Amino acid sequence: MAIVWTTIEKDENGRYVESGFHTTEPEKWLRCINVDDPEEFIAHMHRFRSIPSAPLPRDNYEKVCAEYGVSPLDESALDFYGTTSSSMGTNNYRLHANADTRDLATANRIHELRYRAIMKSKLA
């Protein structure tokens, strides 16, 4: 087991965001995460953070699914992602830290973004 530390910075909008992953303890760190392979974890997190953050229309959803190796779901199966996304790996590191569940964290994020687009269109 090894530790990866995260740091935080203020972005251009004045929000604080996690800004980096480090294999040695930085002076000011936000959190530490136990992982088996730090370099593999950091590479996964960089790829995960490259997923678009905006709600995904169906055509974009299918493209993003293909890019990240995720199977698209039928619209009816996406309701699950409306209430549970924060505990499914999109905003916590438990799924990301384990190499066996990283793909699940990625799929959860992509499905959540499609669900958000569906809800946005229903409310419009």
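Described in the following lines is the structure provided in the data block.

Here the idea is simple: oppositely charged side chains can pair when their charged atoms come close. Enumeration according to the criterion identifies 7 salt bridges in this entry. Among the ionic pairs, Arg49 bridges to Glu18, the shortest N-O distance being 3.6 Å. Remark: Glu18 occurs in strand 2 (residues 16–22) and Arg49 occurs in helix 1 (residues 38–49); sequence separation between them is 31 residues. Classification of Arg49 as partly exposed rests on a relative accessible area of 38%. Connected through shared salt-bridge partners, Arg58, Glu62, Glu75 and Arg114 make up one network.

Quick look at a nonpolar patch on the surface now. Side chains of Ile8, Tyr16 and Leu30 sit close together on the surface and give an oily, nonpolar patch of about 300 Å² of accessible area. With respect to the helices, strands and loops of the structure, Ile8 is situated in strand 1 (residues 2–10). Overall, Ile8 belongs to the partly exposed group, its relative accessible area being 40%.

What counts, and at which threshold
Just so you know, the residues in each chain are numbered from 1, in the order the chain's sequence is written. In keeping with the model being predicted, local features are shown solely for residues with a pLDDT of at least 70 and side-chain atom pairs are shown and tallied solely at 80 or more, while totals for entire chains, interfaces and linings include all residues. Note: side-chain values were computed over all heavy atoms of the structure, leaving out hydrogens and water. By convention in these notes, a salt bridge is any Lys or Arg side-chain nitrogen within 4 Å of a carboxyl oxygen on Asp or Glu. Segments assigned H or I by DSSP are reported as helices when at least four residues long, segments assigned E as strands when at least two residues long, and all are numbered from the N terminus. Relative accessibility under 20% of the residue-type maximum defines a buried residue, over 50% an exposed one, and the middle range a partly exposed one, all with a 1.4 Å probe and only protein chains included. Each patch is assembled from residues with relative accessible area greater than 30% and no salt bridge, linking like charges that lie within 9 Å and nonpolar side chains (Val, Leu, Ile, Met, Phe, Trp, Tyr) that lie within 5 Å. Values of accessible area rely on a 1.4 Å probe in the Shrake-Rupley scheme; residue burial ignores everything except the protein chains shown.

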